[in-house]
Amino acid sequence: MSEVALTGVVRRYGAVTALAGVDLTVPSGLLTAVLGPSGCGKTTLLRCLAGFERLDDGEIHIDGVPIAGSGRHLPAHRRRIAVVPQEGALFPHLSVADNVGYGLGRAARRGDRIEEVLTLVGLAGLGHRMPHQLSGGQQQRVAVARALAPRPSVVLLDEPFSALDAGLRAGLRHDVREALRADGATGVLVTHDQGEALSVADRVVVLRAGRVVQAGTPTAVYREPADEWVAGFVGDAVLLPAVVLDGGTARTCLGDVPVADSAPAGPVTILVRPEQVRLGTGPGTVAATVLRHDFHGHDALVGLRLADGTRVTARILDGGPTVPVGAEVGVTVEGTARVFPTTATSTLISV
Amino acid sequence: MLLAASTAAVVVALLPLTYLALRTAEAGWDRVVDELWTERVALLALRSLALAAVVTAACVLLGVGTAFLVTRTELPGRRFFAVLAALPLAVPTYIAAFAWLSEIRGLAGFWPAALVLTLCSYPYVFLPVAAALRGADPAQEEVSRSLGRSGWQTFTAVTLRQIRPATAAGGLLVALYVLSDFGAVSILRTDTFTRAIFVAFDLGFDRTGALVLASVLVALTVLLLTAETTTRRRGARYARLGGIRRPPARLRLGAARWPAFAALLGVAALALGVPALSLARRLADGVSRPGALAEVAVAAGNSLTVSLSGAALTMLLALPLGLLVARAPNALTTVLDRLVYLAHALPGVVIGLSLIFFGITVAYPLYQTRWLLALAYATLFLPLAVGAVAGAATQSPPGLEEVARSLGRGPLTVLRTVTLPLVLPGIGAGAALVFLTGMKELPATLLLRPTGTDTLATELWTATSVGAYAAAAPYAALLVAISALPTWLLVSRSGLLDKEDRG
């Protein structure tokens, strides 16, 4: 149970800057997801934390104790930071129990810690198996148990679910989350899957081009994204040009929409999530034509074109009225919209 | 550190080549030209190249045909034939030549040599082509059929192209092998470069002549090696693009199955049956000679110590290079790796010759000791060992060691508990391979062995050259037994023994 703090962390590879000054706090006992597209530097961040890479600048502290930076580099094996790599990387010559016991002292290996963590990840009684006798999902569970066993300060998970198929992934994700919580471990999960980050993490840190662009709870990051890029990266986004009027209202092509912030009057860009866009008829609705209808089972995304040519997306739950392509419908916005200052490129983005 | 040790290894490996170049240059340009522009050299070159061409063509035909029958048709007993087709690797060419000669007295010349070399070296084509045919994506053939091509059109337009890199690589290997072969051509009295070099040096004491001939042979070898590298590079483009491996549908042979069966049986009889029969017939005579067993024991002991010291030196040099190639592959390591292979392709007779001169003039304390012979083995077998070490090193990827360190284990503990347990078996297998290969090496041993030290291979050679076939038989039998082990290793790793039609 430890708090990790990174200040101004920089890492370069020749001319390429992988981390361009990362400031980040990982709260004790929680799971923090580092979310970003491929090549944003998230794996480098993890390797710097683990001690596999040296920092070019900046510092890393654990509970106030410096472990890297200013000429200091605590070697990986003294940091008490355990990693769970993408492919598990179980030691192929050791049994499951020996893999899990690898980081334990002689005395602890004879105790019941091995069975305890194996139970946590749902593999009680499989200690005698060899890694090649396990399925991919089971191997990942062993890798997590192995990392938890020595009660490290921090557990680093490097896209540990990406090699598994979708059905297995959701279940394993949940179980690993529960295992970390039951053990009171501090975790950092690196991922490019925003669904994964939002669903399992206590905190989400969005990384882009080697910098932190936003950090907060999953709800905050989804509802109040720091900018239009984050808005589009963490979920489907409808971005519309608007003019803020007095009294917390913005005038848009979808009618007048309440805005949360006391935004200064003038031209802005607003963010509306597709689930806020409602279909219906009656007063106050704006006419639109249905362009496409992508059915997902539990819900559907409906692509719409307004009379002035603006395109918006609505998410409707299954069981609502069916809307055939080409139909004329009415559209309203429910709830408040998020406001971004208008930039040159943000006139019309629909993700 | 690793880099320095690797460079040292490459320098040692290239020692014979460098020394050969120096000595040839020393002889003076005029002298070299005099030696070179003779009818004899032209004839030697023609005969060597013709032999290489004939044997390669025959091996490609035999190797591809066998591989196709074994992997893609419903031939009766195909797994049995797959193993039979790999087994000739266990018969060193000089033993095959000896076996044929002892059955048909007076057998000599170009065509017998071509026959023996073909029977010994077609596995070099068969093994990679069979692997390629097994690994090739059957979906490509299915697509071709679905686009309206007939079975035969598909075979020529898709299948043959899929196995082209493997065929080319195998064929070039055969050509290199024939050019460097000394035993078979000498026993069957076919004048090629290797035999001429040996005769010029050993009987005529014509050093300059031997050196010039050796240089020409090196030039031919380098030419072939360049071609081999080119096909290898091109082969990368034929790599599979993911997907699930599925066994291809097998061709029904129908009425042709028994002629095909008979043909494969015939080839196996010639390649394996003749040596086996001949050895079996002579062995009883050879063993019952008075004192025979004691002589064999002495020679075996010599082979053992010579090969052991050779294997030790080779592994010492191969360890840093193999680790470097596996762990930090970059342009420099590729160059180092290629240079080692260049030395490997050099005929043993050339290596032996240049190390003799090196021993006499530069390192006299080494001359007439088994260490100079060990150096020759190191030069010849370094690529084998480097390949084994590099392969073993990939068993313990860096990611595994990082995990171990993140669990709180120091570098030395990680080395002891993770890296070594994973890497050592592969390195051990490599060392055993080098050791067994050294046991059957003939030309360099013949040239470099300390006077009075006879090994199994040289005893066989001496007995054969005076027509004492019965006396030679025990040595030949022992050598075949020794060669069988690495061959078995190769066959079992090639996947030919796997249960077929899986997945």
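Residues numbered from 1 in each chain as written. Chains lettered and ligands numbered in written order. Predicted model: local features only at pLDDT ≥ 70, side-chain atom pairs only at ≥ 80, totals over all residues. Heavy atoms only, no water.

Of the regular secondary structure elements, chain A holds nine helices and 22 strands. Summarising its shape, the C-alpha atoms of chain A cover approximately 75 × 45 × 35 Å along the three principal directions. Across the 351 residues of chain A, 49% fall into the buried class. Put simply, 66% of the contacts in chain A that link residues at least 6 apart link residues at least 24 apart. Carbon and sulfur atoms form 53% of the exposed surface of chain A, whose accessible area is close to 15300 Å². Both charge centroids of chain A, one from 33 positive and one from 35 negative side chains, sit 7 Å from each other. (Helix = DSSP H or I, 4+ residues; strand = E, 2+ residues; numbered from the N terminus. Buried < 20%, exposed > 50% of the residue type's maximum accessible area, 1.4 Å probe, protein only. Contact = heavy atoms within 4.5 Å. Areas by Shrake-Rupley, 256 points an atom, 1.4 Å probe, with all protein chains shown as cover. Lys, Arg positive; Asp, Glu negative; His and termini not counted. Charge placed at Lys NZ, Arg CZ, Asp CG, Glu CD.)

The final tally for this structure, using the stated rule, is 15 aromatic pairs over all chains. Between Phe110(B) and Trp111(B), the aromatic rings sit 5.1 Å apart at their centres with planes inclined by 80 degrees, giving edge-to-face as the arrangement. Taken together, the aromatic side chains of Phe80(B), Phe81(B), Trp258(B) and Phe261(B) make up a single cluster linked through ring pairs. When the ring centre of Tyr102(A) is taken as origin, the NZ or CZ atom of Arg409(B), which lies over that ring, is 5.9 Å away. (Phe/Tyr/Trp six-rings, centres within 6.5 Å; stacked < 30°, edge-to-face > 60°. Lys NZ or Arg CZ within 6 Å of the ring centre and 35° of its normal.)

On to the packing of helix H1 (residues 2–26) of chain B against helix H17 (residues 348–361) of chain B, then. Residue and element names in this part refer to chain B. One can describe the packing of H1 onto H17 by two numbers: an axis separation of 9 Å at closest approach and a directional angle of 75 degrees. Relative to H17, the element H1 lies roughly perpendicular. Across the interface between the two elements, Leu15, Pro16, Tyr19, Leu20 and Arg23 from H1 touch Val350, Ile351, Ser354, Leu355, Phe357, Phe358 and Thr361 from H17. Within the contact of H1 with H17, the residues separate by chemical class into nine nonpolar, two polar and one charged. (Axes fitted to C-alpha atoms, helices over the stretch in contact; angles between N-to-C directions. Parallel < 35°, antiparallel > 145°, perpendicular 65-115°, else oblique. Nonpolar A, V, L, I, M, F, W, Y, C, P; charged D, E, K, R; others polar.)

What follows concerns the environment of Arg134(B). Positionally, Arg134(B) belongs in helix H7 (residues 123–135). Note: C-alpha distance between Arg134(B) and Phe68(B) (66 residues apart in sequence) is 9.5 Å.

Further remarks concern the interface of chain A and chain B. With 21 residues of chain A at the interface, the matching set in chain B holds 17 residues. For the pairing of chain A and chain B, the buried interface totals around 1600 Å² over both sides, and the portion due to carbon and sulfur atoms is 64%. Considering only the side of chain A, the residues that lose the most area to chain B are His77(A), His93(A) and Tyr102(A), jointly responsible for 41% of the buried surface there. The tally of links from chain A across to chain B stands at one salt bridge. Salt-bridge contacts for Arg47(A) lead to Glu402(B); the nearest nitrogen and oxygen are separated by 2.8 Å. (Buried area = accessible area lost by both parts, 1.4 Å probe. Salt bridge = Lys/Arg side-chain N within 4 Å of Asp/Glu carboxyl O.)

Next up on the list: helix H18 (residues 370–393) of chain B. Count 3.6 residues to each turn of an α-helix, and residues three or four apart come out pointing the same way. The largest bend in H18(B) is about 60 degrees, located at Phe381(B), with the proline Pro383(B) one to four residues further on. A large share of H18(B) lies buried, amounting to 19 of its 24 residues. (Bend = angle between axes of the 7 residues up to and from the residue.)

Here the focus is the sheet that holds strand E19 (residues 311–317) of chain A. Residue and element names in this part refer to chain A. Strand order in the open sheet formed by five strands is E16-E20-E17-E18-E19, with antiparallel pairing between adjacent strands. At either end of the open sheet lies a strand with only one pairing partner, and these are strand E16 (277–280) and E19. Averaged over all pairs of adjacent strands, the angle between strand axes in this sheet comes to 45 degrees, irrespective of strand direction. The sheet contact formed by strand E18 (residues 299–306) and E19 spans seven bridges and is antiparallel. From the neighbouring strand, Leu304 faces E19, where its bridge partner is Val312. (Pairing = 2+ DSSP bridges.)

Now for a nonpolar patch on the surface. All names here are of chain B. There is a patch of nonpolar side chains on the surface, built from Leu412, Leu415, Leu420 and Leu424 and spanning about 380 Å² of accessible area. Inspection of the secondary structure puts Leu415 in helix H20 (residues 411–439). Given a relative accessible area of 38%, Leu415 falls into the partly exposed group. (Patch = residues over 30% accessible without salt bridge, like charges linked within 9 Å, V, L, I, M, F, W, Y side chains within 5 Å.)

Moving on, we come to helix H22 (residues 456–465) of chain B. All names here are of chain B. Among the 10 residues of H22, eight are classified as buried, and the element is accordingly described as predominantly covered. What H22 keeps buried is the set Leu456, Ala457, Thr458, Glu459, Leu460, Trp461, Ala463 and Thr464. A positive phi of about 80 degrees marks Gly467, the residue just after H22.

All names here are of chain A. Domains assigned within chain A are domain 1 (4–230) and domain 2 (236–350). Each of domain 1 and domain 2 was reduced to a C-alpha centroid, and the two centroids are 38 Å apart. Across the contact, seven residues belong to domain 1 and 11 residues belong to domain 2. Around 700 Å² of area is buried between domain 1 and domain 2 when both sides are counted, 49% of it from carbon and sulfur atoms. For the domain 1 face of the interface with domain 2, the top three residues by lost area are Tyr222, Pro225 and Glu228, together amounting to 80%. Our enumeration of links across domain 1 and domain 2 arrives at zero salt bridges. Classifying every residue of the side of domain 1 that touches domain 2 gives three nonpolar, no polar and four charged. (Domains from an automatic or database assignment.)

This part is about the pattern of salt bridges. Within the structure shown, the criterion is met by 23 salt bridges over all chains. In this structure, the salt-bridge partner of Asp193(A) is Arg169(A), at a minimum N-O distance of 3.8 Å. Residue Asp193(A) is found in the loop between strand E9 (186–191) and helix H7 (194–200), and its partner Arg169(A) is found in helix H6 (residues 166–182); the two are separated by 24 residues along the sequence. When its relative accessible area of 22% is taken as the criterion, Arg169(A) is described as partly exposed. Arg449(B) is the partner of Asp454(B) in a salt bridge, and the nearest nitrogen-oxygen pair spans 2.4 Å. A relative accessible area of 23% places Arg449(B) in the partly exposed class. Through salt bridges that share partners, Arg11(A), Arg47(A), Glu53(A), Asp56(A) and Glu402(B) make up one connected network.

Moving on to the sheet that holds E9(A). Residue and element names in this part refer to chain A. Spatial strand order, E7-E8-E9-E3-E10-E11: six strands in an open sheet with mixed pairing. Every interior strand has two partners, whereas the edge strands, strand E7 (81–84) and strand E11 (211–216), have only one. Taking each pair of neighbouring strands and ignoring which way they run, the sheet shows an average axis angle of 20 degrees. The pairing of strand E3 (residues 31–35) with E9 spans five bridges and is classified as parallel. The residue bridging Thr32 from the neighbouring strand is Val188, located in E9. Against the sheet, helix H1 (residues 42–50) contacts E3, E7, strand E8 (154–158), E9 and strand E10 (203–208), and its axis sits at roughly 150 degrees relative to E8.

Turning next to a positive patch on the surface. Side chains of Arg106(A), Arg109(A), Arg110(A) and Arg416(B) sit close together on the surface and give a patch of like positive charge. Tallying contributions element by element places helix H3 (residues 106–110) of chain A first for the positive patch, with three residues. By the element assignment, Arg109(A) lies in helix H3. The exposure class assigned to Arg109(A) is partly exposed, which follows from its relative accessible area of 41%.

The geometry of a pair of packed helices is captured by two quantities: the angle between their axes and the separation between those axes. All names here are of chain A. Two elements in contact, helix H5 (residues 136–148) and H6, have axes separated by 11 Å at closest approach and are oriented at 15 degrees. The pairing of H5 with H6 is recorded here as roughly parallel in orientation. Note that H5 runs across H6; the crossing there is right-handed. Only Leu168, Leu172, Asp175, Val176, Ala179 and Leu180 of H6 make contact with H5, whose side of the interface consists of Gly137, Gln140, Arg141, Val144 and Leu148. (Left-handed = near helix turned anticlockwise from the far one by under 90°.)

We now examine the pairing of strand E20 (residues 328–333) of chain A. Residues and elements named next belong to chain A. Summarising the sheet, E16 and E20 pair through four bridges and their orientation is antiparallel. The residue of E20 that forms the bridge with Val277 is Val333. With four bridges connecting them, strand E17 (residues 286–295) and E20 associate as antiparallel partners. Following the sheet pairing, Thr289 is matched in E20 by Glu328.

Residues and elements named next belong to chain A. Along the polypeptide, Met130 turns up in the loop between helix H4 (113–120) and H5. As a C-alpha pair, Met130 and Pro92 span 38 residues in sequence and 7.4 Å in three-dimensional space. In contact with Met130, not counting residues within four places along its chain, are Pro92, His93, Leu94 and Ser95.

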